[in-house]
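# Structural characterization, general
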Amino acid sequence: MLFRICQLVLICIFILDAWAEYVQCETSSGSPPADDCWTAKEIISHPEKVNGGVPECFPTNSKGSGCKKVIWSGQCAIVICRDDGGLDLKVHKIAVQTAAQILHDICKSGGKVGGFIQYDSMGAKNNGTKCSPKEGDSKDRSFNVEFVKIKQDD
């Protein structure tokens, strides 16, 4: 019980640290396998395991669907989404990794995991990095990090 309380406290600290506006769990039978999502998150943590490495900054896509698949494993993709027509951004890999960790820890249920974290700005993990855009202007810099189920051949 004490371990679980400590784990929940650490998750809350990560959420505050990442400046996440809110977490929305949407786990269902159609969600990707939690193990695949964990592996996708671990790819960001261990870029040496990926041929060609992992970029420091992941670009967003504000055109069409507004979403961009940035890392995937098995049936799980980690996706960054922006509102259609918004400013394209770059998001630091640690912000994406932290969001995936939080989603996995909070939203995992029955071997599946689904949901998203909405950031109202670039987040603490992105500020002060080469990914961080110019601060202080009036541009919308919100984005979501999501888990999405994909087909094996996507």
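Owing to the predicted nature of the structure, the values given are computational and were not obtained by experimental measurement.

## Structural notes on the confidence of the model for the protein chain
The pLDDT averaged across the protein chain works out to 77; a share of 68% of its residues lies at or above 70. In the predicted structure, residues 2-19 sits below a pLDDT of 50 and forms 20 contacts with residues beyond four places in sequence or in another chain.

## Examining the state of the cysteines
As enumerated under the stated definition, the model contains 3 disulfides in all. Across a sulfur-sulfur distance of 2.0 Å, Cys25 and Cys107 are joined as a disulfide pair. Here the disulfide of Cys25 and Cys107 is left-handed, its torsion about the S-S bond being about -75°. Residue Cys25 is found in strand E1 (residues 20-25), and its partner Cys107 is found in helix H3 (residues 93-107); the two are separated by 82 residues along the sequence. For Cys107, a relative accessible area of 3% corresponds to the buried category. For Cys67, the disulfide goes to Cys81, at an S-S distance of 2.0 Å. Across the S-S bond linking Cys67 and Cys81, the dihedral sits near 110°, which makes this disulfide right-handed.

## Brief notes about the pattern of salt bridges
Scanning all chains against the criterion turns up 1 salt bridge. A salt bridge links Glu42 to Lys41, with the nearest nitrogen and oxygen atoms 2.4 Å apart.

## Notes on the packing of helix H2 (residues 34-45) against H3
Closest axis-to-axis distance for the H2/H3 pair is 9 Å, and the angle between their directions is 155°. Considering their axes alone, H2 and H3 lie roughly antiparallel with respect to each other. Here the hand of the crossing between H2 and H3 comes out left-handed. Across the interface between the two elements, Ala34, Trp38, Lys41, Ile44 and Ser45 of H2 pack against Lys93, Val96, Gln97, Ala100, Gln101 and His104 of H3. The class makeup of the residues in the contact of H2 with H3 is 5 nonpolar, 4 polar and 2 charged.

How each quantity is defined
- Residues numbered from 1 in each chain as written.
- Predicted model: local features only at pLDDT ≥ 70, side-chain atom pairs only at ≥ 80, totals over all residues.
- Heavy atoms only, no water.
- pLDDT = per-residue confidence, 0-100.
- Contact = heavy atoms within 4.5 Å.
- Disulfide = S-S within 2.5 Å.
- Helix = DSSP H or I, 4+ residues; strand = E, 2+ residues; numbered from the N terminus.
- Buried < 20%, exposed > 50% of the residue type's maximum accessible area, 1.4 Å probe, protein only.
- Salt bridge = Lys/Arg side-chain N within 4 Å of Asp/Glu carboxyl O.
- Axes fitted to C-alpha atoms, helices over the stretch in contact; angles between N-to-C directions.
- Parallel < 35°, antiparallel > 145°, perpendicular 65-115°, else oblique.
- Left-handed = near helix turned anticlockwise from the far one by under 90°.
- Nonpolar A, V, L, I, M, F, W, Y, C, P; charged D, E, K, R; others polar.

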